[in-house]
Amino acid sequence: MAELRLKSSRFRAEREADWKRLENLLNRAEGGAARVLSDEDLIAIPVLYRSALSSLSVARATSLDQSVVDYLESLCARAYFFVYGSRARLIERIGRFFAHDWPAAAKACWRETLASAALTAGGVAVGMSLCFADSDWFRAFVPDDLAAGRGPAASAQALRATLFLNPHDQHQIQPWLSTLATFLFTHNAHVALMAFAFGFALCLPSALLMAYQGCMLGAFLAVFITHGLGVEAGGWLVIHGVTEISAIILAGAAGMRIGSTLAFPGERGRLEAVAAAGRTAATLMGGVLVMLFCAGLLEGIGRQLIQTTWIRYTIAAATGVMWLTYLYGPRPRRNGAAHG
Amino acid sequence: MAEAAARQRALVTPEGMDLRLRLAEASERAAAFLIDVAIIIGALVVMTILCLWGLAALGKDSGPAMAAIWLLGFFVLRNLYFILFEMTPRAATPGKRVLGLRVASRSGGPLTADAILGRNAMRELEVFLPLTFLLSHMETADAWISLTGLLWTGVFALMPLFNRDRLRAGDIAAGTWVVKAPKQKLLKDLAERDNGAHAAFAFTQAQLDAYGVKELHVLEDVLRRFDAKTVKAVAERIRRKIDWPDNPHESDGDFLDAYYRALRGRLETRLLFGKRRVDKFDRD
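Model, not experiment: these values are computed from the prediction. (Residues numbered from 1 in each chain as written. Chains lettered and ligands numbered in written order. Predicted model: local features only at pLDDT ≥ 70, side-chain atom pairs only at ≥ 80, totals over all residues. Heavy atoms only, no water.)

Enquirer: Could you give me a rundown of the overall build of chain A, with the residues and numbers involved?
Expert: What chain A contains, in helices and strands, is 14 helices and zero strands. The order of α-helices and β-strands along chain A, N terminus first, is α-α-α-α-α-α-α-α-α-α-α-α-α-α. Scored against the burial criterion, the 340 residues of chain A give a buried share of 48%. Per element, the accessible surface of chain A, about 16100 Å² overall, is 64% carbon and sulfur. (Helix = DSSP H or I, 4+ residues; strand = E, 2+ residues; numbered from the N terminus. Buried < 20%, exposed > 50% of the residue type's maximum accessible area, 1.4 Å probe, protein only. Areas by Shrake-Rupley, 256 points an atom, 1.4 Å probe, with all protein chains shown as cover.)

Enquirer: Summarise the pairing of strand 3 (residues 101-105) of chain B; cite the residues concerned and give the values.
Expert: Working note: regular strand, side chains alternate between the two faces of the sheet. Residues and elements named next belong to chain B. Burial within strand 3 is extensive, with five of its five residues counted as buried. Bridge analysis of strand 3 against strand 4 (residues 176-180) gives five bridges, and the strand direction is antiparallel. Paired with Ala-104 across the strands is Trp-177, a residue of strand 4. (Pairing = 2+ DSSP bridges.)

Enquirer: Help me get a handle on the interface of chain B and chain A, residues and values and all.
Expert: Residue-level contacts link 75 residues of chain B with 69 residues of chain A. At the junction of chain B with chain A, the criterion picks out four salt bridges. When the shortest N-O distance is used, the salt bridge between Asp-65 of chain A and Arg-224 of chain B registers 3.5 Å. At the boundary of chain B and chain A, one finds 19 residue pairs in polar contact (both at pLDDT 80 or more). Listed by contribution, the elements that provide at least two residues to the side of chain B that touches chain A are helix 3 (63-86), strand 3, helix 5 (113-121), helix 6 (123-135), helix 7 (140-157), helix 8 (169-174), helix 10 (213-225) and helix 12 (252-272) of chain B. Among the elements that line the side of chain B that touches chain A, the one with the most residues is helix 3 of chain B, at nine residues. Grouping the constituent residues of the side of chain B that touches chain A by class yields 42 nonpolar, twelve polar and 21 charged. (Contact = heavy atoms within 4.5 Å. Salt bridge = Lys/Arg side-chain N within 4 Å of Asp/Glu carboxyl O. Polar contact = N/O pair within 3.5 Å; in protein donor to acceptor, adjacent residues only side chain to side chain. Nonpolar A, V, L, I, M, F, W, Y, C, P; charged D, E, K, R; others polar.)

Enquirer: Break down unusual backbone geometry for me, citing the residues and quoting the values.
Expert: Not every positive phi belongs to a glycine, and Cys-203 of chain A is a case in point at roughly 70°. Looking at where Cys-203 of chain A falls in the secondary structure, it is placed in the loop between helix 10 (177-198) and helix 11 (204-226). Although it is not a glycine, Phe-226 of chain B sits at a positive phi angle of roughly 50°. When you line up the elements, Phe-226 of chain B lands in the loop between helix 10 and helix 11 (228-242). A relative accessible area of 43% places Phe-226 of chain B in the partly exposed class.

Enquirer: How would you explain the state of the cysteines if you had to name every residue and give the values?
Expert: Residue and element names in this part refer to chain A. Tallied over the entire structure, the rule returns zero disulfides over all chains. This cysteine, Cys-109, is not joined by any disulfide, and Cys-203 carries the nearest cysteine sulfur, 11 Å off. On the basis of relative accessibility, which here comes to 0%, the residue Cys-109 falls in the buried class. (Disulfide = S-S within 2.5 Å.)

Encoded structure:
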């Protein structure tokens, strides 16, 4: 029977075992981590992939068996994604992110960061001055459920009570600190993701969100200042606020980066430019989430345990200096891998 | 066929082969997304029940821990579900897997973590924002604002329908696209199927020259499906075309099998001499 076989059948029979082996390895690699494969298998995949590619090229040119071409196309595409997809170990990826990618992304977005910070600062100034002029503005900026009684009508004592814990209450509060930190982190992360995503609509919604957050902040501060609690409220705010507000500003900046590139792509094609900007911005967003996690801990735990205003300010200053030097400080040029 | 060709894109590997990827249809992507949403909601319900059950079983002291677990779980499901699944080697969420889709970098390079983060963070704009406007209570004063908001955000939600590559806002921002990468099984070689009846068929060269590669592939398709009515119709057609003498004892299936095998052999031989016959109209 063998001599009666078609050439294309022989071609297939000779190579089928290799194809099946590649398929098998891919199934295992895609099912679980690449770790389930032995070193020998990992080395075999690129080799088998290239031989499958050459089989495909022969099959396309000569084989009249359509099912073989379809099969090889699908197999080669899967192998391609495995071979050329990023398979850096998670630990290495994370290391690279902290050592290089995140600060580089922050530096690349410095213009947007300044704009975003200016919008927030402007919002604070506007919110504050309007509330000084007429305390009714407070209700325009701050939704009732967020204000939680901290309005212009509240007494100084009631406001003070929101800044410091009642010493008799403390051990009741403590078990809930981790919950509070978690809530604050998830809530803020959500706001940050929103600020980022909205940037896509040509920056405008992100910019509005930044200005609005600033207004809200200004209105709050104005209420405390008019009740003679400015310094204490500042301490209450900055202990986590330095980290949290910076993170939100960076998130807004990341969004604006995408939006502004979409509007003014420069010399490259629009899609290409936006994709590049999007990746930088997304890296920055990864950093923002890390900062918000720290802010959640500072706010949920640090602020409740530290009740002295000057220590709160000290911690705030320390975090501020730390973020600035980490993100924008000079760092040694990485050799070799710097071109990656 | 034209539809499929319109969705086909070249992906040239570093080895110089074009893998001819097919982009996912908008409907496939919508279906995948709905499956994922169903999974997320299901997981949310299960998680809530487990947390409540834990609270009941462990007493009041476990309140803070259970609340923290629930909050974190909610956050992970809402924001990280897509990101974590797309970072796996398969680059697809369960919903995409069901439909044989995967995320790939448009440039053909590796799919990086930041691209995945970027494309999924945009969902905030495409899904949750329109949803907020849609669900916001439509009182008369707010109704117009909500409606305007819905229209404006609807642009982002429906973006895949308005561009050639079916890109949504997240894909544009991250430089990705969603391709169809189904697992194909290697089907049995039709020419190897032989029940001994083939010897009864001896086709002349002229009879084999009636068709080309295109018809061969159609025939392959017919034989693989083996729908009795189609097989009979096709067999009759071919018999007429090649003047095959009527024989009440031969089965249509055997006839087509034998003809497929003979035709493929003939076309292959001619290929060896550098002649590829595209279809029946291809004369040399």
